[in-house]
Amino acid sequence: MNSKVVSPKKVAILISGGGSNMVSLAKSMMENAEDARLGRPCLVLSNVPTAGGVAKAADMGIATEVVDHRDFKGDREAFEQKLISVIDHYEPDVIAMAGFMRILTPTFISHYAGKMLNIHPSLLPKYKGLHTHQRAIEAGDAEAGCSVHEVTAELDGGPILGQARVPIMAGDTADDLAARVLVKEHLLYPAVLKRFLLGEKDLITL
Ligand code: GRF
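Criteria and cut-off values
- Residues numbered from 1 in each chain as written.
- Predicted model: local features only at pLDDT ≥ 70, side-chain atom pairs only at ≥ 80, totals over all residues.
- Heavy atoms only, no water.
- Helix = DSSP H or I, 4+ residues; strand = E, 2+ residues; numbered from the N terminus.
- Buried < 20%, exposed > 50% of the residue type's maximum accessible area, 1.4 Å probe, protein only.
- Contact = heavy atoms within 4.5 Å.
- Expected span 1.5 Å × (residues − 1).
- Bend = angle between axes of the 7 residues up to and from the residue.
- Salt bridge = Lys/Arg side-chain N within 4 Å of Asp/Glu carboxyl O.
- Pairing = 2+ DSSP bridges.
- Right-handed = clockwise from strand over helix to strand, strands pointing away.
- 1 Å grid on protein atoms, 1.4 Å probe; cavity = no way out; pocket = protein on both sides within 12 Å on 5 of 7 lines; lining within 4 Å.
- Points joined across faces, edges and corners; volume = space filled by probe spheres on them.
- Nonpolar A, V, L, I, M, F, W, Y, C, P; charged D, E, K, R; others polar.

> Explain the environment of S16 to me, and be specific about the residues and the numbers.
Tracing the backbone shows S16 in the loop between β1 (9-15) and α1 (20-31). Under the relative-accessibility criterion, S16 is labelled buried at 12%. Non-local contacts of S16, meaning those with residues more than four positions away in its chain, are made with S46, N47, V48, A51, G99, F100 and M101.

> So what about the environment of L182? Which residues, and what values?
Residue position: L182 is located in helix α7 (residues 174-197). Beyond its immediate sequence surroundings of up to four residues, L182 is in contact with S20 and N21.

> Break down α7 for me, with residues and values.
Relative to the 34 Å expected for 24 residues at 1.5 Å per residue, α7 spans 33 Å between its end C-alpha atoms, a close match to the ideal helical length. At E185, α7 is deflected by roughly 25°, the largest bend along its length. Burial in α7 covers these residues: A174, L177, V181, E185, L188, Y189, P190, V192, L193, F196 and L197. At the C-terminal side of α7, G199 shows a positive phi close to 85°.

> Lay out the pattern of salt bridges with the relevant residues and their values.
By the definition in use, this model includes eleven salt bridges. The residue K194 makes a salt bridge to E34 at a minimum N-O spacing of 3.2 Å. Taken together, the positions of K194 in helix α7 and E34 in helix α2 (residues 33-38) put the pair 160 residues apart, joining distant regions of the chain. The class for K194 is partly exposed, based on a relative accessible area of 23%.

> Residue-level account of the pairing of strand β2 (residues 39-46), with values.
In terms of burial, β2 is largely enclosed, as seven of its eight residues are buried. Pairing analysis gives seven bridges linking β1 to β2, with the strands arranged parallel. Looking at the pairing, I13 lines up with V44 of β2. Inspection of the sheet shows β2 paired to strand β3 (residues 64-66) by three bridges, in the parallel sense. Within the sheet, the bridge partner assigned to V44 lies in β3 and is T64. Running through helix α3 (residues 52-59), the crossover from β2 to the neighbouring parallel element β3 is right-handed.

> Tell me about the layout of surface pockets, residues and numbers included.
Size it by volume and the largest pocket reaches roughly 920 Å³. Looking at the largest pocket, it is lined by 38 residues, and the ones nearest its centre are G99, F100, M101, I119 and P121. If you list the elements that add at least two residues to the lining of the largest pocket, you get α1, β5 (116-120), α6 (132-138) and α7. The greatest single-element share of the lining of the largest pocket, amounting to four residues, is contributed by α7. Residue composition of the lining of the largest pocket, by class: 17 nonpolar, 16 polar and five charged.

Structure, rendered in structure tokens:
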């Protein structure tokens, strides 16, 4: 019998907004017994003090921190050094970016090499960057979706670990499409995180 007990890996979740993806990740680790054996949310960090996700995380009993980028007045290096010192205090094994809207430098990314995931609301490699839904509609695409990828120095360019697709309907606005994609984000991200915690990196599609 294999009696080895492995403690759950610690997952820090970085947000800037409402935190719906953060909630779906945290809930999967806090409410699903199998996922809870693999990981636990050790920190939710926001760069926006008023981000709705901070209160949601606190209500769930998760440690929260705010590092406001505006306090650093454009000194990206100082901002990232502060981020690193706050995050490292919690000794996370994985950093999950969930709507964290700051571009990170190679210094930050290399500090957490191999440990960082991000969710992006497009079918990467299409539509890196912002305004993904509007761009997909304007291009006349028949479908859109979301991708979870490892974070590397190339913006939205690391290895893709999971994707989920939705149809684009006639007359869709960017908000209509964003809402349809977000439902899939909430399913995809916990599924990919679980596999990542198990060391599995082959692509999954929903
Ligand atoms: C999501 O669509 C995510 O893909 C994008 O920003 C949004 C964050 O939403 N990067 P939430 O804060 O998780 O609700």
